[in-house]
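Topology and contacts: notes
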Amino acid sequence: GCPSLLLEPQSTNLFTYSEDFSDSNWFKDYVSVNSSQIISPDGNLNTYEIVENTSNNEHSVRQLKSVTSGNYYTISVFVKKSFYQRDIYIRCGDANILVFFDTTNWEVGDEIQGFGKIENYGNGWYRLIATGLSDSTGSDNFRIGLSDGITNGSQNYTGNGTNSMYFYGAQLEVGSYPTSYIPTNGSAVTR
């Protein structure tokens, strides 16, 4: 019953609109983004269902951000199964991140670039985390997508217009590990 302090380094969530995947800051590639009636880890109705279309391509949401050589970047997102689930991948070429996640057993799949981790947040929600070390400077897309498996190449497949997953709370930060979630609503936020 005693109070406690959460001691963490300063960090910035570089993803704008971290919870509103319908916002135009999130580019949608061969998916639709629908508000849902699923309660998020923070106890509110602020989750989105990401649904694949029928194209043969990557089915994902992404934001374009600056990348600096020598920096670690960590992407995280909270994910919950829908009835017709898919596996998940997280990718950014310039940040040397391509990690697959098994959403049946909630295990890290292929770590093609960088490394992954999964944290259980209860009520069917898991935080998927991928980290990589950039070796270039410029701009690139930080992408979170549906996958037809957990091996390299599974991110490119022909969708059926039905399969989906629930998303909440995306975070992009400079650093080699994730800090606690920082909500954003239109601009980057530093804690």
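Predicted model, so just to flag it, every value in this text is computed and none were measured.

Observations regarding the pattern of salt bridges
- Under the counting rule described, the total for this entry stands at eight salt bridges.
- Two residues, Arg143 and Asp29, come together in a salt bridge whose shortest N-O distance is 2.6 Å. Taken together, the residues span a long stretch of sequence, with Arg143 in strand β12 (residues 138–147) and Asp29 in strand β2 (residues 27–29) at a distance of 114 residues.
- Of the residues examined, Asp29 reaches a relative accessible area of 14% and is grouped as buried.
- Three or more residues are tied together by salt bridges with common partners; here these are Asp29, Glu58, Arg62, Arg91 and Arg143.

Topic: the packing of aromatic side chains
- A complete count under the given rule lists 13 aromatic pairs for this structure.
- A ring pair is formed by Phe15 and Trp26, whose centres lie 4.9 Å apart and whose planes are at 45°; its orientation type is tilted. With Phe15 in the loop between β1 (12–13) and β2 and Trp26 in the loop between β1 and β2, this residue pair connects regions lying 11 residues apart in the sequence. In this structure, Phe15 and Trp26 share a single accessibility class: buried.
- Centre to centre, the rings of Phe78 and Tyr168 are 5.5 Å apart; their planes meet at 50°, and the pair counts as tilted. Of this pair, Phe78 sits in strand β6 (residues 72–81) while Tyr168 is found in strand β14 (residues 164–174), placing the two residues 90 residues apart along the sequence.
- Judged by its relative accessible area of 3%, Phe78 falls in the buried class.

Here is what the cut-offs are and how they apply
- Residues numbered from 1 in each chain as written.
- Predicted model: local features only at pLDDT ≥ 70, side-chain atom pairs only at ≥ 80, totals over all residues.
- Heavy atoms only, no water.
- Salt bridge = Lys/Arg side-chain N within 4 Å of Asp/Glu carboxyl O.
- Helix = DSSP H or I, 4+ residues; strand = E, 2+ residues; numbered from the N terminus.
- Buried < 20%, exposed > 50% of the residue type's maximum accessible area, 1.4 Å probe, protein only.
- Phe/Tyr/Trp six-rings, centres within 6.5 Å; stacked < 30°, edge-to-face > 60°.

Nothing here speaks to function; it is all geometry.
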